[in-house]
Amino acid sequence: MAQSASKSGGGNKSGGEGASGASTIWGGRFDGGPDAIMEEINASIEYDKRLANEDIAGSIAHVRMLAKQGIVSDDDANAIVGGLETVRDEIAAGDFEFKRSLEDIHMNVESRLADLIGPAAGRLHTARSRNDQVATDFKLWTRGAVDALSAGVKDLQAALIERAEEEAATVIPGFTHLQGAQPVTLGHYLLAYVEMLGRDRGRLEDCRRRLNECPLGVAALAGTSFPIDRHMTAETLGFARPTANSLDTVSDRDFALEFLAASTILAVHLSRFAEEMVIWCSQQFGFATFTDAFSTGSSIMPQKRNPDAAELVRAKVGRIAGAFQGLVIVMKGLPLTYGKDMQEDKEAVFDAADNIALAVAATAGMVRDVQFNKKRLAEDAARGFSTATDLADWLVRVLGMPFRQAHHVTGSLVAMAEEKGCALEDLGVDEMQKVDPAITADVYSVLGVENSVTSRTSYGGTAPENVTAQAKEARTRFLD
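Numbers given for residues are sequential positions, taken from 1 along each chain in its written order. It should be noted that, the model being predicted, local features are given only for residues of pLDDT at least 70 and side-chain atom pairs only at 80 or more, the latter also being counted only at that level, while totals for whole chains, interfaces and linings use all residues. To obtain the side-chain values, all non-hydrogen atoms of the structure were used and water was disregarded.

**Student:** I would appreciate a short explanation of unusual backbone geometry in the present structure.
**Tutor:** Backbone geometry follows two general trends: most residues other than glycine have a negative phi, and most peptide bonds adopt the trans configuration. Cis peptide bonds are those with omega within 30 degrees of zero, and the linkage from Leu336 to Thr337 qualifies with 10°. Positive phi values are uncommon outside glycine, yet Ala219 reaches one of about 60°. Note that Ala219 resides in the loop between strand S3 (213-214) and helix H8 (230-236). Every helix listed is a DSSP run of H or I at least four residues long, and every strand listed is a run of E at least two residues long, numbered separately from the N terminus.

**Student:** I would appreciate a short explanation of the packing of aromatic side chains in the present structure.
**Tutor:** Geometrically, a pair of aromatic rings is defined through the distance of the ring centres and the angle of the planes. Pairing of aromatic rings covers Phe, Tyr and the six-membered ring of Trp, with a centre-to-centre limit of 6.5 Å; geometry is then stacked below 30 degrees between planes, edge-to-face above 60, and tilted otherwise. Applying the stated criterion across every chain yields a total of ten aromatic pairs. Ring centres of Trp280 and Phe287 lie 5.6 Å apart, and the angle between their planes is 80°; this geometry places the pair in the edge-to-face category. Linked through ring pairs, Tyr189, Tyr193, Phe273, Trp280, Phe285, Phe287 and Phe372 together constitute an aromatic cluster. Cation placement over rings: the criterion is NZ of Lys or CZ of Arg within 6 Å of the ring centroid and within 35° of the ring normal. The ring of Phe350 is capped by Arg50, whose NZ or CZ atom sits 4.8 Å from the centre of that ring.

**Student:** Quick question: what am I supposed to make of the layout of surface pockets here?
**Tutor:** Cavity and pocket criteria rest on a 1 Å grid covering protein atoms alone: a 1.4 Å probe that fits but cannot get out defines a cavity, protein on both sides within 12 Å along at least 5 of 7 lines defines an open pocket, and an atom within 4 Å of a point defines a lining residue. Grid points are joined across faces, edges and corners, and a volume is the space filled by probe spheres set on the points. By volume, the largest pocket is sized at about 820 Å³. Going through the elements one at a time, strand S1 (171-176), strand S2 (179-185), helix H7 (186-211), helix H10 (254-280) and helix H18 (464-479) are the ones with two or more residues in the lining of the largest pocket. Of the residues forming the lining of the largest pocket, the biggest block, seven residues, is contributed by H7.

**Student:** What should I look at first to understand helix H11 (residues 308-331) in this one?
**Tutor:** Counting along an α-helix, one turn takes 3.6 residues, and residues three or four places apart therefore face a common direction. Taking 1.5 Å as the rise per residue, H11 with 24 residues should run 34 Å; its terminal C-alpha atoms sit 35 Å apart, in good agreement. Two residues qualify as a contact provided that any one of their heavy atoms is within 4.5 Å of a heavy atom in the partner residue. Along its buried surface, H11 packs onto helix H9 (246-251), H10 and helix H12 (345-369). After H11 finishes, the residue Gly333 shows a positive phi value of roughly 80°. Here, expected helix span is obtained from the residue count minus one, scaled by 1.5 Å.

**Student:** For this particular structure, what's the right way to read the side chain of Asp104?
**Tutor:** Residue position: Asp104 is located in the loop between helix H4 (74-93) and helix H5 (105-117). Residues in contact with Asp104, not counting those within four places in the same chain, are Ser44, Ile45, Asp48 and Arg130.

**Student:** Could you clarify how one ought to interpret the pattern of salt bridges in this entry?
**Tutor:** Side-chain pairs of opposite charge can arise where the charged atoms are in close proximity. Each salt bridge in this description consists of a side-chain nitrogen of Lys or Arg and a carboxyl oxygen of Asp or Glu lying within 4 Å of one another. Following the criterion strictly, the structure yields 28 salt bridges and no others. The salt bridge involving Asp155 is made with Arg368; its shortest N-O contact spans 3.0 Å. Highlighted residues: Asp155 in helix H6 (residues 130-166) and Arg368 in helix H12, separated in sequence by 213 residues. For each residue, the accessible area found with a 1.4 Å probe, counting protein chains only, is set against the maximum for its type, and the residue is called buried under 20%, exposed over 50%, and partly exposed in between. Arg368 gets classed as partly exposed once you look at its relative accessible area, which sits at 42%. The salt bridge partner of Asp351 is Arg319, with a shortest N-O separation of 2.8 Å. Highlighted residues: Asp351 in helix H12 and Arg319 in helix H11, separated in sequence by 32 residues. By relative accessible area, which is 26% here, Asp351 ends up partly exposed. By relative accessible area, which is 41% here, Arg319 ends up partly exposed. Taken together, the shared-partner salt bridges in this structure form one network comprising Arg163, Glu166, Glu167 and Lys374.

**Student:** For this particular structure, what's the right way to read the pairing of S2?
**Tutor:** The pairing criterion is simple: DSSP has to find at least two bridges between the two strands. Of the strand pairs in this sheet, S1 and S2 are connected by five bridges, and their pairing is antiparallel. Across the sheet, residue Thr176 finds its bridge partner in S2, namely Gln179.

**Student:** Honestly, the nonpolar core in this entry has me stumped. Any pointers?
**Tutor:** The nonpolar side chains of a soluble globular protein tend to be buried, and buried together. If you look at the biggest cluster of nonpolar residues, it comprises 100 residues, and the most contacted ones within it are Tyr189, Phe259, Leu270 and Trp280. No other element matches the 15 residues that H10 contributes to this core. Contacts of Leu270, omitting those with residues within four sequence positions, involve Leu156, Leu197, Val313, Ile356, Ala359, Val360 and Thr363. Formed by 19 residues, the second largest nonpolar core is a distinct cluster that contains Trp394, Leu413, Val414 and Cys422. Only buried residues count toward a nonpolar core, which is a set of Ala, Val, Leu, Ile, Met, Phe, Trp, Tyr and Cys residues joined through side-chain atoms within 4.5 Å.

**Student:** What should I look at first to understand the packing of helix H3 (residues 52-68) against H5 in this one?
**Tutor:** A pair of packed helices is captured by two measures, namely the crossing angle of their axes and the spacing between those axes. The axes used here are C-alpha line fits, helices contributing only the stretch in contact, and every angle between their N-to-C directions lies in the interval 0 to 180 degrees. It is at 10 Å that the axes of H3 and H5 come closest, and there the two elements cross at 60°. Here H5 runs oblique to H3, going by the angle between their axes. You can see that H3 and H5 cross each other, and the crossing is right-handed. Two secondary-structure elements touch here, H3 through Ala52, Asp55 and Ile56 and H5 through Ile105, His106 and Val109. Polar here means any residue other than Ala, Val, Leu, Ile, Met, Phe, Trp, Tyr, Cys and Pro, which are nonpolar, and Asp, Glu, Lys and Arg, which are charged; Gly is therefore polar. Grouping the constituent residues of the contact of H3 with H5 by class yields four nonpolar, one polar and one charged. Angle categories: roughly parallel below 35 degrees, roughly antiparallel above 145, roughly perpendicular from 65 to 115, and oblique for all the rest. By definition, any crossing whose near helix is turned counterclockwise from its far helix by less than a right angle is left-handed, and any crossing with a clockwise turn is right-handed.

**Student:** Help me understand empty space enclosed by the protein in this model?
**Tutor:** All told, the structure shown has two cavities of 30 Å³ or more when counted by the stated rule. When its volume is computed, the largest cavity comes out at roughly 60 Å³. Forming the boundary of the largest cavity are Ala382, Phe385, Ser386, Thr387, Ala423, Leu424, Glu425, Gly448 and Val449. Class assignment for the residues of the lining of the largest cavity results in five nonpolar, three polar and one charged. By volume, the second largest cavity amounts to about 50 Å³. Together, Leu156, Leu160, Tyr193, Leu197, His269, Leu270, Phe273, Thr363 and Val367 line the second largest cavity. Counting residues per element, the ones that place at least two in the lining of the second largest cavity are H6, H7, H10 and H12.

What follows is the structure, encoded as structure tokens:
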């Protein structure tokens, strides 16, 4: 079944200009050249050239399969592979000329291949379409982006776990409604973000598993009559299997949407941490500071140290969530199968991937750089009668008091301390007994922020011994 090079579909270069000015990408169907506006809206090479390595890898896998199946000759296949490797080297060296007139990365590569090896290049596109070609390229690229992002998130988790181990017993204020609530430990706080990021990595892993099906060989939308082996190309390109339905395959951008959705949730988590660092670094809070590596000064106010890295991480969620929303709107209501609308997918994903990777790396840098003001944190943790719940719990646990009664008694004691201008632990036992005679000196075992956090030993709680154990367990779950 092998065809010789002499029977290639003519010697025209893919995407070249004929004497009439018509693009030979389209063969004999069109006589007129593209209008400048049409070329402007149609061309994608400025951004899809990022798919060059994936495009060449897919083409090499495809032509080797064609040769194995006897659809093209070994000589033609070897010439095509050699030419594609040359093109890949030229791109890597910066010697490749990307031409807008050739629209996209696929036609740029194929046109240069024709320059290098002649008519045999025309056999490369046998039994495939740009529809399955771009889907394959984009899946390969997205899979690589998922892997790189997951590795970055893992490094961020490692940084957080390391700092959590260092700060397992450091007392800080815990907040609800951004109001002081109960004292917690800094290690416990840092491990909260480790858990969030673990879910983020899980979403990325899910995305990778679902996208890891190979589109190559479904052609334009209906499959092909050539006796191709799609399992071979899928295996060569590291996919788990070929896609099962040709119509779904060329119309699918779920993998891009899922990557953007996972990136958006991850960006939200990074933004929450960044927001807290911005607040904590303010003079009014004074909980933390960054070195010059992750902060900047003011052009007019010499006293300022601005947590710009955190502010920029906080801002990234806007463009990443925007990319997700933009592609959702592009895909909404598209009839099967492929529509040129889908060309709008790559810019959004490329931009989001670049920015989420940068935000993750910057956050890991901040975690390793930040210095915490432990004295200020401990002082603030004690403000606002933050151990009142511990007192109420003691009344229930030791005196057997119903919680609602304990809540009322504790409220009375808080009012007494507030009137005296002191902390709960500064009240005398005799004063407390005026509210409830059953109170004993044992109550002081739970008052004070250190005693409070030490007592929170329930699974998942903030006690230092818990934090140490949780950090060790997190290393096993997320890093090993």
